[in-house]
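Now for the letters of each chain:
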Amino acid sequence: MTNVELPEKLLFFLNKKSRYKIAYGGRGSGKSWAAARCLIVLALQSKIRVLCTRQLQTSIANSVHKLLSDSIQELGLSKYFEITRDAIRCNNGSEFFFKGIQNNINEVKSIEGIDYCWVEEAQSVSENSWEVLIPTIRKENSEIWVTFNPDRTEDATYQRFVISPPPDTISELVNYSDNPWFPDVLRKEMEYCKEVDYGKYEHIWLGKTVIDTDAQIYHGKFELKEFETPDDAVFYHGADWGFANDPTAVIRCFIKNQCLYIDYESGGVGVEFEELPALFKKIPDINKWEIRCDSARPETISYMSRQGFRTVACPKWNGSVEDGIEYIRSFRRIYIHPRCKHTYEEFKFYSYKQDKNTGDILPVVLDKDNHYCDALRYALNPYIQKNVSILSVL
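What counts and what doesn't
Residues numbered from 1 in each chain as written. Predicted model: local features only at pLDDT ≥ 70, side-chain atom pairs only at ≥ 80, totals over all residues. Heavy atoms only, no water. Helix = DSSP H or I, 4+ residues; strand = E, 2+ residues; numbered from the N terminus. Rg over C-alpha atoms; globule rule 2.2 N^0.38 Å. Buried < 20%, exposed > 50% of the residue type's maximum accessible area, 1.4 Å probe, protein only. Contact = heavy atoms within 4.5 Å. Core = buried A, V, L, I, M, F, W, Y, C linked by side-chain atoms within 4.5 Å. Arc of directions from axis to C-beta. Pairing = 2+ DSSP bridges. Axes fitted to C-alpha atoms, helices over the stretch in contact; angles between N-to-C directions. Salt bridge = Lys/Arg side-chain N within 4 Å of Asp/Glu carboxyl O. Phe/Tyr/Trp six-rings, centres within 6.5 Å; stacked < 30°, edge-to-face > 60°. Lys NZ or Arg CZ within 6 Å of the ring centre and 35° of its normal.

Turning to the overall build of the protein, a few remarks are in order. Helix and strand counts for the protein come out as 14 helices and 17 strands. Whereas a compact globule of 394 residues would reach a radius of gyration of roughly 21 Å, the protein reaches 23 Å, a difference of no more than 12%. In terms of principal-axis extent, the alpha carbons of the protein reach across some 65 × 50 × 40 Å. Looking at the 394 residues of the protein, the share that counts as buried comes to 51%. Counting only contacts in the protein whose residues sit at least 6 apart along the sequence, the fraction spanning at least 24 positions is 71%.

Counting 32 residues, the largest nonpolar core has Leu68, Phe81, Phe96, Trp118 and Trp145 as its most contacted members. If you list the elements that add at least two residues to this core, you get helix H1 (12–15), helix H2 (31–45), strand S2 (49–54), helix H3 (65–74), strand S4 (88–90), strand S5 (95–100) and strand S6 (116–119). Element by element, the count of residues in this core is highest for H2, at 9 residues. Look past the residues within four positions of Phe81 in its chain and what remains in contact with it is Ile40, Ala43, Leu44, Ile72, Ile88, Arg89, Cys90 and Phe96. With 27 residues, the next largest nonpolar core counts Ile328, Cys340, Tyr350 and Leu380 among its residues.

Attention now moves to helix H5 (residues 127–136). Burial in H5 covers these residues: Ser129, Trp130, Leu133, Ile134 and Thr136. Across the axial projection of H5, the buried residues extend over an arc of 150 degrees, all falling on one side. Contacts from the buried residues of H5 go to strand S1 (20–24), S2, helix H4 (105–110), S6, strand S7 (143–148) and helix H6 (156–163).

Positionally, Phe254 belongs in strand S11 (residues 247–256). Taking relative accessible area as the criterion, Phe254 reaches 2% and is therefore assigned buried. Residues Phe254 and Ala233, 21 residues apart in the sequence, show an inter-C-alpha distance of 6.4 Å. The residues touching Phe254, leaving out its near neighbours within four places in the chain, are Phe227, Thr229, Pro230, Ala233, Val234, Phe235, Tyr236, Cys259, Leu260, Tyr261 and Asp263.

Moving on to helix H11 (residues 320–329). Every buried residue of H11 is listed here: Ser320, Gly324, Ile325, Tyr327 and Ile328. Along the long axis of H11, the arc covered by the buried residues comes to 165 degrees, so they all point the same way. Of the surrounding elements, those touching the buried residues of H11 are strand S12 (259–269), strand S15 (334–336), strand S16 (352–354), strand S17 (361–365), helix H13 (371–379) and helix H14 (381–386).

Looking now at the environment of Ile211. Mapped onto the elements, Ile211 comes out in the loop between helix H8 (198–206) and strand S9 (222–224). A C-alpha to C-alpha distance of 25 Å links Ile211 and Lys188, two positions 23 residues apart in sequence.

Across the sheet, which stays open at both edges, the 7 strands sit in the order S9-S15-S12-S11-S10-S13-S14 with mixed pairing between neighbours. What marks the edges here is a single partner per strand, and that holds for S9 and strand S14 (310–314). Direction aside, neighbouring strands of the sheet carry axes that sit 30 degrees apart on average. Sheet topology places strand S10 (residues 236–240) next to S11; 5 bridges connect them, and they run antiparallel.

Attention now goes to the pattern of salt bridges. Scanning all chains against the criterion turns up 26 salt bridges. Between Arg377 and Asp374 there is a salt bridge whose closest N-O contact spans 3.0 Å. Placement of both Arg377 and Asp374 in helix H13 is noted, with a separation of 3 residues, approximately one turn of the helix. When its relative accessible area of 8% is taken as the criterion, Arg377 is described as buried. Residues joined in a network through salt bridges with shared partners are Lys17, Lys21 and Glu143.

Okay, the packing of aromatic side chains next. Counted under the stated rule, the structure contains 28 aromatic pairs. Geometrically, the ring pair formed by Tyr24 and Phe148 is stacked, given 5.7 Å between the ring centres and 20 degrees between the ring planes. Here the residue Tyr24 occupies a position in strand S1, and Phe148 occupies one in strand S7, the gap between them amounting to 124 residues. Both residues of the pair, Tyr24 and Phe148, count as buried. Pairing Phe235 with Phe254 gives two aromatic rings, centres 6.2 Å apart and planes at 80 degrees, and the pair type is edge-to-face. Separated by 19 residues along the polypeptide, Phe235 in the loop between S9 and S10 and Phe254 in strand S11 bring together distant segments of the chain. The pair formed by Phe235 and Phe254 is uniform in burial state, with each residue classed as buried. Cluster of aromatic residues (ring-pair linked, three or more members): Phe227, Phe235, Phe254, Tyr261, Trp289 and Tyr335. The ring of Tyr20 carries Arg19 above its face, with NZ or CZ at 5.5 Å from the centroid. Geometry around Tyr264 places Arg339 over its ring, the cationic atom sitting 3.9 Å from the centre.

Geometric values such as these leave the question of function open.
What follows is the structure, given as structure tokens:
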């Protein structure tokens, strides 16, 4: 059998026995990479059934199927496995299944004889999902593996497995510094983040939870939540153009019961002119709706209009940023769909300036972590500019 090298902190996946095995921490630590390789080794050693799951899996592309497939190939083990679109099978009878907890709950509950359950991106798993999933993994000596990048201290997964772990749990904080194979491309990103925003560096790269403070512009107003978009929704679209290291950001939202829902985003860094139409089209039916755009790039707005998109320049005025923030904060609640990961990240870090000596919050909006937030302001400009009362919005 091929040799599998692992970061020392993650050897417990293979050399220790425990009901719960938890690896949490920052980006680049090798958590998911190690879990995939360990499960491949176990699948080769004996016939096992492995359930790979997460809170929401809308397609096989949202699963660890590709990570496992790539790992099998990289380890030179392809001759031992059959890889299909929806499953992976070993020639000794081992099987890997891929199911979302929320959207496949009955299928998850019906799967019998699971030896290992791997829950990836577990920071999003709700308490209700854990209550359903854990009793489902009931085979004698079965194990539940949990890998995640922490988000908030109050999240169900963090509370259950880090703050108050159950008996028979191994829980390890693993960061990039524990990964001997930490790639240079990520190291450059890490060092840049550490230099320009240490708080963000601690969260993304050191696995620290986000601390809610009053400096957070949308403090107490937003949450990550799965929801269904109603068929009769009236959509608002906004676009912020990228420059240098700043991303181009496109967003779609709608309003319901005085709450704001953000259900789609699209974006990227270094997007060329000719790539913009494909980027926009990642948002369903976007060409049917008006798209309010950053007015600083009239040539880009004109180009996109010629490509069949209803792009218009969003007016700016003295205090438009502050007016937009105040208006968006007036919604009862802001719900961000889990597929809008970049928007959610910005909401967590979009902040007011703080006095370095006293910690006092200053009435100055920091010009960073704001590209999807700016796109949101542009999208809602008709309401913001006319100061339409939220109470009058359906």
